[in-house]
Amino acid sequence: MLKKTKPALFLASFVTVGALALTACGGGGSDDDAKKSSGNAPAANADRAEGQGSGYDLSLRSGTARENNAPRRTGDWANPPGKPAAEPVQRKWVQLSASRAGKLDPVVVNGSGFTLYRFDKDTARPSVSNCSGACATTWPPVLVDPGSKIFVDGVKTSDVGVIKRADGTRQVTIGGWPVYRFSKDLKPGDTNGQGVGGTWFGVTPSGQKAGQPAGGDAGQGGGQGQADPASSVILFDNVNFQDPAQGVAGPGCQNVARPKVASSLSADGSLKLWSRPGCKGESKVVSGDVADLGRVGFDNKVSSIAFG
(Lines give C-alpha, C1' and ligand atoms only; values in the text may rest on other atoms or scores of the structure.)
Protein backbone atom coordinates (compact mmCIF):
# COMPACT_ATOMS: atom_id res chain seq x y z
CA MET A 1 0.00 0.00 0.00
CA LEU A 2 1.33 3.42 -0.91
CA LYS A 3 2.11 5.47 2.17
CA LYS A 4 0.79 8.96 2.78
CA THR A 5 3.14 11.84 2.11
CA LYS A 6 4.71 13.29 5.22
CA PRO A 7 2.93 16.69 5.06
CA ALA A 8 -0.43 14.91 4.96
CA LEU A 9 0.69 12.65 7.79
CA PHE A 10 1.66 15.63 9.93
CA LEU A 11 -1.76 17.23 9.43
CA ALA A 12 -3.47 14.02 10.49
CA SER A 13 -1.07 13.47 13.38
CA PHE A 14 -1.52 16.96 14.83
CA VAL A 15 -5.28 16.40 14.85
CA THR A 16 -4.51 13.49 17.17
CA VAL A 17 -2.20 15.66 19.29
CA GLY A 18 -4.87 18.34 19.58
CA ALA A 19 -7.41 15.80 20.76
CA LEU A 20 -4.96 14.41 23.30
CA ALA A 21 -4.18 17.90 24.61
CA LEU A 22 -7.84 18.36 25.56
CA THR A 23 -7.76 15.27 27.80
CA ALA A 24 -4.12 15.30 28.93
CA CYS A 25 -4.86 16.61 32.41
CA GLY A 26 -6.94 13.53 33.06
CA GLY A 27 -4.62 10.96 31.37
CA GLY A 28 26.43 6.67 -9.28
CA GLY A 29 26.97 8.81 -6.51
CA SER A 30 27.40 7.66 -2.96
CA ASP A 31 23.77 7.85 -2.03
CA ASP A 32 24.43 4.72 0.04
CA ASP A 33 26.33 6.91 2.53
CA ALA A 34 23.22 8.94 3.24
CA LYS A 35 21.05 7.98 6.19
CA LYS A 36 18.71 5.04 5.74
CA SER A 37 15.12 5.77 4.90
CA SER A 38 12.17 3.53 5.60
CA GLY A 39 12.68 1.99 2.18
CA ASN A 40 9.09 2.68 1.20
CA ALA A 41 9.19 6.36 0.28
CA PRO A 42 6.91 6.78 -2.77
CA ALA A 43 8.78 8.17 -5.76
CA ALA A 44 5.68 9.89 -7.07
CA ASN A 45 5.06 12.01 -3.97
CA ALA A 46 5.59 15.65 -4.93
CA ASP A 47 4.66 18.86 -3.14
CA ARG A 48 4.92 22.42 -4.32
CA ALA A 49 7.84 24.21 -2.65
CA GLU A 50 6.30 26.58 -0.14
CA GLY A 51 7.23 28.35 3.08
CA GLN A 52 10.53 30.22 2.95
CA GLY A 53 10.87 29.57 -0.77
CA SER A 54 7.29 30.08 -1.92
CA GLY A 55 6.80 31.35 -5.43
CA TYR A 56 9.68 29.33 -6.94
CA ASP A 57 9.06 26.65 -9.54
CA LEU A 58 10.24 23.66 -7.50
CA SER A 59 8.91 20.37 -6.22
CA LEU A 60 9.69 18.60 -2.95
CA ARG A 61 9.77 14.81 -3.17
CA SER A 62 9.86 12.25 -0.40
CA GLY A 63 12.76 9.81 -0.37
CA THR A 64 16.26 9.77 -1.81
CA ALA A 65 17.37 10.62 -5.32
CA ARG A 66 18.00 6.94 -5.98
CA GLU A 67 14.51 5.97 -4.82
CA ASN A 68 13.14 8.63 -7.17
CA ASN A 69 15.26 7.30 -10.09
CA ALA A 70 17.29 10.48 -10.56
CA PRO A 71 19.63 10.14 -13.57
CA ARG A 72 23.29 9.47 -12.88
CA ARG A 73 25.88 12.26 -13.12
CA THR A 74 23.24 14.88 -12.43
CA GLY A 75 22.30 16.92 -9.37
CA ASP A 76 24.29 16.18 -6.24
CA TRP A 77 26.02 13.34 -8.08
CA ALA A 78 27.65 15.72 -10.59
CA ASN A 79 30.47 16.58 -8.15
CA PRO A 80 32.18 13.22 -7.50
CA PRO A 81 34.10 12.37 -4.32
CA GLY A 82 37.75 13.44 -4.34
CA LYS A 83 37.10 16.70 -6.16
CA PRO A 84 36.46 19.94 -4.26
CA ALA A 85 33.18 21.76 -4.77
CA ALA A 86 35.03 24.90 -5.86
CA GLU A 87 32.26 26.56 -7.84
CA PRO A 88 28.62 27.04 -6.91
CA VAL A 89 26.59 25.35 -9.63
CA GLN A 90 22.81 25.31 -9.89
CA ARG A 91 21.42 21.80 -9.96
CA LYS A 92 18.42 20.09 -11.49
CA TRP A 93 17.98 18.32 -8.16
CA VAL A 94 19.45 18.21 -4.68
CA GLN A 95 18.98 15.73 -1.86
CA LEU A 96 18.66 16.60 1.83
CA SER A 97 19.14 13.56 4.08
CA ALA A 98 19.23 13.37 7.87
CA SER A 99 22.40 11.42 8.62
CA ARG A 100 25.57 11.33 10.66
CA ALA A 101 29.04 12.51 9.61
CA GLY A 102 32.09 12.22 11.83
CA LYS A 103 30.97 13.22 15.32
CA LEU A 104 27.94 15.11 14.02
CA ASP A 105 24.66 13.27 14.59
CA PRO A 106 22.27 14.31 13.27
CA VAL A 107 23.48 16.41 10.38
CA VAL A 108 22.15 16.92 6.85
CA VAL A 109 24.11 15.48 3.92
CA ASN A 110 23.49 15.72 0.20
CA GLY A 111 22.90 12.92 -2.30
CA SER A 112 26.59 12.06 -2.41
CA GLY A 113 26.90 11.98 1.38
CA PHE A 114 28.70 15.34 1.69
CA THR A 115 28.05 17.40 4.83
CA LEU A 116 25.96 20.56 4.49
CA TYR A 117 26.67 23.65 6.60
CA ARG A 118 25.13 26.91 7.83
CA PHE A 119 26.80 30.28 8.49
CA ASP A 120 26.26 32.35 11.65
CA LYS A 121 26.55 35.62 9.70
CA ASP A 122 23.49 34.67 7.64
CA THR A 123 19.99 35.15 9.01
CA ALA A 124 17.01 32.78 9.09
CA ARG A 125 14.21 35.34 9.64
CA PRO A 126 14.30 36.65 7.01
CA SER A 127 16.39 34.10 5.10
CA VAL A 128 19.43 35.99 3.82
CA SER A 129 22.86 34.75 2.67
CA ASN A 130 25.87 36.91 3.53
CA CYS A 131 28.41 34.63 1.82
CA SER A 132 29.39 35.71 -1.69
CA GLY A 133 32.53 36.21 -3.80
CA ALA A 134 35.54 34.38 -2.36
CA CYS A 135 33.37 33.12 0.50
CA ALA A 136 31.03 31.38 -1.94
CA THR A 137 34.03 29.72 -3.63
CA THR A 138 35.26 28.25 -0.35
CA TRP A 139 31.71 27.56 0.78
CA PRO A 140 29.67 26.77 -2.37
CA PRO A 141 25.99 27.45 -1.72
CA VAL A 142 23.55 24.61 -2.41
CA LEU A 143 21.76 25.90 -5.51
CA VAL A 144 18.80 24.73 -7.56
CA ASP A 145 17.48 25.68 -10.98
CA PRO A 146 13.89 26.76 -11.59
CA GLY A 147 11.87 23.60 -12.12
CA SER A 148 14.27 21.56 -9.97
CA LYS A 149 13.45 18.82 -7.49
CA ILE A 150 14.46 18.67 -3.84
CA PHE A 151 14.49 15.12 -2.46
CA VAL A 152 13.86 15.09 1.30
CA ASP A 153 14.90 12.11 3.40
CA GLY A 154 14.42 12.57 7.13
CA VAL A 155 13.98 16.35 6.80
CA LYS A 156 10.54 17.91 7.19
CA THR A 157 9.29 19.48 3.96
CA SER A 158 7.94 22.41 5.99
CA ASP A 159 11.54 23.22 7.02
CA VAL A 160 12.84 23.34 3.43
CA GLY A 161 12.82 26.54 1.40
CA VAL A 162 14.60 28.46 -1.37
CA ILE A 163 15.81 32.08 -1.48
CA LYS A 164 17.07 34.25 -4.31
CA ARG A 165 20.69 35.32 -3.88
CA ALA A 166 22.09 38.70 -4.91
CA ASP A 167 23.47 37.16 -8.13
CA GLY A 168 20.03 35.81 -9.06
CA THR A 169 20.74 32.16 -8.23
CA ARG A 170 18.45 30.19 -5.94
CA GLN A 171 19.80 28.73 -2.72
CA VAL A 172 18.25 25.99 -0.60
CA THR A 173 17.43 26.76 3.05
CA ILE A 174 16.71 24.49 6.03
CA GLY A 175 14.81 26.03 8.92
CA GLY A 176 15.31 29.34 7.15
CA TRP A 177 19.12 29.03 7.13
CA PRO A 178 20.88 29.05 3.72
CA VAL A 179 22.97 25.88 3.33
CA TYR A 180 26.43 25.29 1.83
CA ARG A 181 29.08 22.70 1.00
CA PHE A 182 32.71 23.10 2.14
CA SER A 183 35.36 22.95 -0.57
CA LYS A 184 37.83 21.13 1.70
CA ASP A 185 35.47 18.21 2.30
CA LEU A 186 36.76 15.73 -0.27
CA LYS A 187 34.87 12.58 0.60
CA PRO A 188 31.48 11.64 2.04
CA GLY A 189 31.46 11.97 5.82
CA ASP A 190 34.12 14.69 5.99
CA THR A 191 33.30 17.48 8.48
CA ASN A 192 36.33 19.71 7.96
CA GLY A 193 34.09 22.79 7.97
CA GLN A 194 32.71 22.21 11.46
CA GLY A 195 33.49 25.19 13.71
CA VAL A 196 35.62 27.06 11.14
CA GLY A 197 36.00 30.65 12.26
CA GLY A 198 33.55 29.98 15.05
CA THR A 199 30.78 30.72 12.52
CA TRP A 200 30.39 27.61 10.32
CA PHE A 201 28.57 24.52 11.56
CA GLY A 202 26.94 21.45 10.09
CA VAL A 203 23.19 21.97 9.75
CA THR A 204 20.69 19.67 11.47
CA PRO A 205 17.41 18.53 9.85
CA SER A 206 15.59 21.42 11.58
CA GLY A 207 18.20 24.07 10.72
CA GLN A 208 20.04 24.10 14.05
CA LYS A 209 23.82 23.89 14.52
CA ALA A 210 25.02 20.30 14.49
CA GLY A 211 27.20 19.26 17.40
CA GLN A 212 26.00 22.15 19.56
CA PRO A 213 23.63 22.29 22.55
CA ALA A 214 19.99 22.19 21.42
CA GLY A 215 18.12 25.46 21.21
CA GLY A 216 21.22 27.44 20.23
CA ASP A 217 19.55 29.84 17.78
CA ALA A 218 18.38 32.82 19.77
CA GLY A 219 16.65 35.29 17.48
CA GLN A 220 18.43 35.95 14.18
CA GLY A 221 21.99 34.99 14.70
CA GLY A 222 22.71 32.13 16.98
CA GLY A 223 23.91 32.22 20.63
CA GLN A 224 23.74 29.23 22.88
CA GLY A 225 20.91 28.29 25.21
CA GLN A 226 18.61 25.54 26.36
CA ALA A 227 15.71 24.24 24.31
CA ASP A 228 12.24 25.14 25.58
CA PRO A 229 10.17 22.22 26.92
CA ALA A 230 7.90 20.58 24.38
CA SER A 231 4.15 20.49 24.97
CA SER A 232 3.42 17.69 22.49
CA VAL A 233 5.16 15.08 20.36
CA ILE A 234 4.37 12.86 17.39
CA LEU A 235 5.77 9.33 17.61
CA PHE A 236 6.31 7.44 14.36
CA ASP A 237 6.52 3.66 14.17
CA ASN A 238 9.25 3.86 11.50
CA VAL A 239 12.45 5.87 11.07
CA ASN A 240 12.41 9.12 9.09
CA PHE A 241 8.92 10.09 10.32
CA GLN A 242 7.02 7.43 8.40
CA ASP A 243 3.52 6.03 9.09
CA PRO A 244 1.85 4.96 11.31
CA ALA A 245 2.03 7.64 14.00
CA GLN A 246 0.50 8.63 17.32
CA GLY A 247 0.35 11.92 19.20
CA VAL A 248 1.11 12.51 22.87
CA ALA A 249 0.54 15.82 24.67
CA GLY A 250 1.48 17.20 28.10
CA PRO A 251 1.64 18.51 30.75
CA GLY A 252 3.58 16.27 33.10
CA CYS A 253 4.02 12.54 32.62
CA GLN A 254 1.94 10.93 29.88
CA ASN A 255 1.73 7.24 29.03
CA VAL A 256 1.93 6.26 25.35
CA ALA A 257 -1.20 4.61 23.95
CA ARG A 258 0.87 2.15 21.89
CA PRO A 259 4.11 1.66 23.84
CA LYS A 260 7.44 0.36 22.57
CA VAL A 261 6.82 0.91 18.85
CA ALA A 262 8.30 4.36 18.15
CA SER A 263 11.37 4.61 15.90
CA SER A 264 11.35 8.39 15.26
CA LEU A 265 9.66 11.46 16.69
CA SER A 266 8.90 15.11 15.99
CA ALA A 267 8.67 17.65 18.82
CA ASP A 268 8.87 21.43 19.17
CA GLY A 269 11.20 21.36 22.18
CA SER A 270 12.83 19.12 24.76
CA LEU A 271 11.21 16.17 26.53
CA LYS A 272 12.18 13.03 28.43
CA LEU A 273 11.49 9.55 27.11
CA TRP A 274 10.90 6.65 29.52
CA SER A 275 11.00 2.93 28.85
CA ARG A 276 8.18 2.08 31.30
CA PRO A 277 4.74 3.57 31.99
CA GLY A 278 4.48 6.26 34.65
CA CYS A 279 7.85 7.76 33.67
CA LYS A 280 9.87 4.93 35.15
CA GLY A 281 12.69 2.73 33.97
CA GLU A 282 15.36 3.80 31.47
CA SER A 283 15.17 7.43 30.32
CA LYS A 284 16.56 9.68 27.61
CA VAL A 285 16.29 13.46 27.12
CA VAL A 286 15.85 14.53 23.49
CA SER A 287 15.11 17.85 21.81
CA GLY A 288 13.30 18.57 18.56
CA ASP A 289 13.09 16.03 15.75
CA VAL A 290 14.81 12.64 16.04
CA ALA A 291 14.81 10.81 12.69
CA ASP A 292 16.08 7.53 14.16
CA LEU A 293 15.62 6.73 17.86
CA GLY A 294 18.04 3.86 17.42
CA ARG A 295 20.80 6.45 17.16
CA VAL A 296 20.08 7.52 20.75
CA GLY A 297 19.52 3.99 22.02
CA PHE A 298 15.75 4.28 22.35
CA ASP A 299 14.27 2.47 19.36
CA ASN A 300 11.03 0.65 20.24
CA LYS A 301 11.39 1.59 23.90
CA VAL A 302 9.15 4.63 24.47
CA SER A 303 6.36 3.82 26.96
CA SER A 304 5.84 7.22 28.60
CA ILE A 305 6.97 10.82 28.15
CA ALA A 306 7.63 13.64 30.63
CA PHE A 307 6.85 17.16 29.41
CA GLY A 308 8.01 20.38 31.06
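Everything quoted here is computed from the prediction, not taken from an experiment. Per chain, the residues get numbers from 1 upward, laid out in the order the sequence is written. The model is predicted, so local features are restricted to residues of pLDDT at least 70 and side-chain atom pairs to those at 80 or more, both for listing and for counting; the totals for chains, interfaces and linings are taken over all residues. Note: side-chain values were computed over all heavy atoms of the structure, leaving out hydrogens and water.

Q: Help me understand unusual backbone geometry in this model?
A: Glycine aside, the phi torsion of most residues is negative, and most peptide linkages are trans. For the bond running from Asp-105 to Pro-106, omega is 5°, close enough to zero to count as cis. Segments assigned H or I by DSSP are reported as helices when at least four residues long, segments assigned E as strands when at least two residues long, and all are numbered from the N terminus. Turning to its location among the elements, Pro-106 is positioned in strand E4 (residues 104-109). For the bond from Gly-250 to Pro-251, the omega torsion is 10°, close enough to zero to count as cis. For Pro-251, the position within the fold is in the loop between strand E14 (242-249) and strand E15 (252-255). The phi dihedral of Lys-260 falls on the positive side, at around 60°, and the residue is not glycine. Along the chain, the position of Lys-260 falls in the loop between E15 and strand E16 (264-267).

Q: Can you walk me through the pattern of salt bridges in this structure?
A: When charged atoms on two side chains of opposite charge get close, those side chains can pair. Salt bridge, as applied in this entry: a Lys or Arg side-chain nitrogen positioned within 4 Å of an Asp or Glu carboxyl oxygen. Applying the stated rule across the entire model yields 9 salt bridges. Residue Asp-105 pairs with Arg-100 through a salt bridge whose shortest N-O separation is 3.5 Å.

Q: What am I meant to see in the packing of aromatic side chains here?
A: Aromatic ring pairs: the centre-centre distance and the angle between the two ring planes describe each pair. Only centres within 6.5 Å qualify two rings of Phe, Tyr or Trp (six-membered ring in Trp) as a pair; their planes then separate them into stacked at under 30 degrees, edge-to-face at over 60, and tilted for everything else. Tallying each qualifying case throughout the model produces 9 aromatic pairs. Look at Trp-93 and Phe-151: their rings are 5.6 Å apart centre to centre, the planes differ by 50°, and that puts the pair in the tilted class. Residue Trp-93 is found in strand E3 (residues 90-101), and its partner Phe-151 is found in strand E8 (residues 143-153); the two are separated by 58 residues along the sequence. Look at Phe-119 and Trp-200: their rings are 4.2 Å apart centre to centre, the planes differ by 10°, and that puts the pair in the stacked class. Separated by 81 residues along the polypeptide, Phe-119 in strand E5 (residues 117-119) and Trp-200 in strand E12 (residues 200-202) bring together distant segments of the chain. Think of it in three bands: with a 1.4 Å probe and only protein chains considered, a residue is buried below 20% of the maximum accessible area for its type, exposed above 50%, and partly exposed in between. Residue classification places Phe-119 among the buried residues on the basis of a relative accessible area of 7%. Taken together, the ring pairs connect Tyr-117, Phe-119, Trp-139, Tyr-180, Phe-182 and Trp-200 into an aromatic cluster. The ring of Trp-177 has Arg-118 sitting right over it, with the charged end atom 3.7 Å from the ring centre. In this scheme, the term charge over a ring applies when either NZ of a lysine or CZ of an arginine sits within 6 Å of the ring centre and within 35 degrees of the ring normal. The ring centre of Phe-114 lies 4.0 Å from the NZ or CZ of Arg-181, which sits over that ring.

Q: I tried to follow the sheet that holds strand E17 (residues 270-276) on my own but got confused; where do I start?
A: For sheets, the rule is that strands pair by backbone hydrogen bonds, running either parallel or antiparallel. Criterion used throughout: strands pair if DSSP finds at least two bridges between them. Taken together, the 4 strands give an open sheet; going across it, the order is E15-E19-E17-E18, and neighbouring strands pair in antiparallel fashion. In this open sheet, the two edge strands, each paired with only one partner strand, are E15 and strand E18 (280-287). Between one strand and the next, the sheet's axes are offset by a mean angle of 25°, whatever the strand orientation. In the sheet, E15 pairs with strand E19 (residues 304-307) via 4 bridges, with the strands oriented antiparallel. Its bridge partner lying in E19, Cys-253 is registered against Ala-306. Axis definition: a line fitted to C-alpha atoms, limited for helices to the stretch in contact. Angles are taken between N-to-C directions and run from 0 to 180 degrees.

Q: Can you help me understand the state of the cysteines in this one?
A: Think of a disulfide as a covalent bridge from one cysteine sulfur atom to another cysteine sulfur atom. Criterion for a disulfide: a pair of cysteine sulfur atoms within 2.5 Å. Counted under the stated rule, the structure contains 2 disulfides. Two residues, Cys-131 and Cys-135, share a disulfide whose sulfurs are 2.0 Å apart. Given an S-S torsion of about -110°, the disulfide between Cys-131 and Cys-135 has left-handed geometry. A residue is classified by how much of its surface remains accessible, and Cys-131, at 1% relative accessible area, is buried. Here Cys-253 pairs with Cys-279 through a disulfide, and the sulfurs are 2.1 Å apart. Handedness here is read from the sign of the S-S torsion; for Cys-253 and Cys-279, about 110°, the answer is right-handed. Separated by 26 residues along the polypeptide, Cys-253 in strand E15 and Cys-279 in the loop between E17 and E18 bring together distant segments of the chain. On the basis of relative accessibility, which here comes to 34%, the residue Cys-253 falls in the partly exposed class. Judged by relative accessible area, Cys-279 falls into the buried class, the value being 16%. Sequence-ordered numbering of the bonded cysteines in the chain gives a disulfide pattern of 1-2, 3-4.

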